[in-house]
Amino acid sequence: MTAYDVELSHGMHVVHDGPPQAPPLLLIHGSGAAGGCWIPMLPALAGQHHVIRVDLPGCGHSPPAPSYEVPAQAAALAGLLDDLGLRDVAVAGHSSGGYVATALAERRPELVRSLTLISTGPRMDALLPQPFILRFLTGPPFGRLIWSMRSDAMVRRGIGSTAARPLDVPDELIAGVQGITYGAFRAVLGANSAYLTERSVPERLTPLGIPVLAVFGAADPRWDPASAQDYGTVPHARVELLPGVGHLPLLEAPEATGELLLDFAGTARQAEF
């Protein structure tokens, strides 16, 4: 695995891994996270793909943005792919990163060859009551004050609260999360909720005709795992549940998740729909 061309493009910190001539794979993290969340999967992914990891605006090493609306974030990604001269890209999003991936496909379907959505809640009423530590760290009335005082240990506990297994959280992810301001985090959450409330993800995907893989942890404490079956209504969609895995398959089961992603991306590249 070789990382290269670390850059700031369209307001996003971008890192490239793997051979530049290999099939492209764009990885989009969720809210309150950064591109470092994909690190455990990178050795396998970068062996077969030109991997493009981004820190979305206001996250990780990326500066704040005027707008965190999901379509605006998708527009920034479209600009990045245009600058790179890429089309027919395999796109994967974790959690709310799946909303940005979906919005990219809605906005510029010619850029997206396939979509892998990992732990991406399909509709607002599938959201479960959140773990106490997350509500304590991120919500009113104390969230803003506590956010400014977060230690690395507190961040690790917050990340681990959505997992069903012990985690080895990459230091790069911790640094990326520490780079997010409270204001940006709350704005991103609001924008994600607005996007999902307007229309469910399966409703958005159905008319696009793009191959979709939906991966859920069967023990996800954030989104009702049964809601994964909503994606079964989407044409050319495949649903996979990972037993004993929570909201973070990227960190809890990176090998199994990577195998699913690689198999699906390769199959979608060869198939004609």
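Here's what I pulled together on the structure shown here. Just so you know, these numbers come straight off a predicted model, no measurement behind them.

1. Here's the deal with helix α3 (residues 97-107)
Spacing of three or four residues puts side chains on the same side of an α-helix, whose turn is 3.6 residues. Counting buried residues in α3 gives nine out of eleven residues, a clear majority hidden from the surface. What α3 keeps buried is the set Gly 97, Gly 98, Tyr 99, Val 100, Ala 101, Thr 102, Ala 103, Leu 104 and Ala 105. Structurally, α3 contributes buried residues whose contacts are with β3 (24-28), α2 (70-84), β5 (89-94), β6 (112-118), α8 (182-198) and α9 (201-205).

2. Observations regarding empty space enclosed by the protein
Applying the stated criterion across every chain yields a total of two cavities of 30 Å³ or more. Approximately 70 Å³ is the volume attributed to the largest cavity. Taken together, His 13, Val 15, Ala 34, Gly 35, Gly 36, Arg 53, Val 54, Asp 55, His 61, Glu 172 and Gly 176 make up the lining of the largest cavity. Counting residues per element, the ones that place at least two in the lining of the largest cavity are β2 (12-17), β4 (50-55) and α7 (171-178). Broken down by element, the residue count for the lining of the largest cavity peaks at three residues, all from β4. Looking at the lining of the largest cavity residue by residue, the class counts come to three nonpolar, five polar and three charged. Here the second largest cavity is characterised by a volume of approximately 40 Å³. Lining the second largest cavity are His 29, Gly 30, Ser 31, Leu 56, Cys 59, Gln 73, Ser 96, Gly 97, Val 100, Val 188 and Asn 192. Of all the secondary structure elements, the ones that give two or more residues to the lining of the second largest cavity are α3 and α8. In terms of residue class, the lining of the second largest cavity is made up of four nonpolar, seven polar and no charged.

3. What about the environment of Glu 110?
Its place among the elements puts Glu 110 in the loop between α3 and β6. A relative accessible area of 37% means that Glu 110 is categorised as partly exposed. In contact with Glu 110, not counting residues within four places along its chain, are Arg 87 and Asp 88. Only 2.5 Å separates the side chain of Glu 110 from the side chain of Arg 108, close enough to count as a polar contact.

4. Let's talk about the pattern of salt bridges
In the structure shown here, the tally under the stated rule is 13 salt bridges. Its salt-bridge partner being Arg 108, residue Glu 110 comes within 2.5 Å of it at the nearest N-O pair. With a closest N to O distance of 2.6 Å, Asp 125 and Arg 123 form a salt bridge. Judged by its relative accessible area of 28%, Arg 123 is partly exposed.

5. Concerning the layout of surface pockets
Its volume calculated, the largest pocket comes out at about 810 Å³. For the lining of the largest pocket, the secondary-structure elements that each account for two or more residues are α4 (132-138), α6 (152-160), α7, α8 and α10 (249-252). Broken down by element, the lining of the largest pocket gets its largest block of residues, six residues, from α8. When grouped by side-chain class, the residues that make up the lining of the largest pocket number 21 nonpolar, 14 polar and four charged.

6. Points about the packing of aromatic side chains
Evaluation of the coordinates by the stated rule reveals four aromatic pairs. Ring geometry for Tyr 99 versus Tyr 195: centroids 6.1 Å apart, planes at 40°, classification tilted. Of the two residues, Tyr 99 sits in helix α3 while Tyr 195 sits in helix α8, which places them 96 residues apart along the sequence. Of the two residues, Tyr 99 and Tyr 195, both sit in the buried class.

7. Examining helix α11 (residues 254-270)
Its 17 residues place the ends of α11 24 Å apart at the C-alpha level, agreeing with the 24 Å of an ideal helix rising 1.5 Å per residue. If you check which residues of α11 are buried, you get Thr 257, Gly 258, Leu 260, Leu 261, Leu 262, Phe 264, Ala 265 and Ala 268.

8. Let's talk about the nonpolar core
Leu 26, Leu 77, Val 91, Leu 104 and Leu 115 are the most contacted members of the largest nonpolar core, which totals 40 residues. Here the element with the most residues in this core is α2; it accounts for seven residues. In terms of nonpolar packing, the next biggest core, distinct from the first, is built from 33 residues, Leu 25, Ala 33, Ala 92 and Ala 253 among them.

9. Remarks on the environment of Val 188
For Val 188, the position within the fold is in helix α8. Each C-alpha atom of the pair Val 188 and Gly 58 lies 8.6 Å from the other, and the pair is 130 residues apart in sequence. Sequence-distant contacts of Val 188, that is, excluding residues within four places in its chain, are made with Ser 31 and Tyr 68.

Reading the values: rules and limits
- Residues numbered from 1 in each chain as written.
- Predicted model: local features only at pLDDT ≥ 70, side-chain atom pairs only at ≥ 80, totals over all residues.
- Heavy atoms only, no water.
- Buried < 20%, exposed > 50% of the residue type's maximum accessible area, 1.4 Å probe, protein only.
- Helix = DSSP H or I, 4+ residues; strand = E, 2+ residues; numbered from the N terminus.
- Contact = heavy atoms within 4.5 Å.
- 1 Å grid on protein atoms, 1.4 Å probe; cavity = no way out; pocket = protein on both sides within 12 Å on 5 of 7 lines; lining within 4 Å.
- Points joined across faces, edges and corners; volume = space filled by probe spheres on them.
- Nonpolar A, V, L, I, M, F, W, Y, C, P; charged D, E, K, R; others polar.
- Polar contact = N/O pair within 3.5 Å; in protein donor to acceptor, adjacent residues only side chain to side chain.
- Salt bridge = Lys/Arg side-chain N within 4 Å of Asp/Glu carboxyl O.
- Phe/Tyr/Trp six-rings, centres within 6.5 Å; stacked < 30°, edge-to-face > 60°.
- Expected span 1.5 Å × (residues − 1).
- Core = buried A, V, L, I, M, F, W, Y, C linked by side-chain atoms within 4.5 Å.

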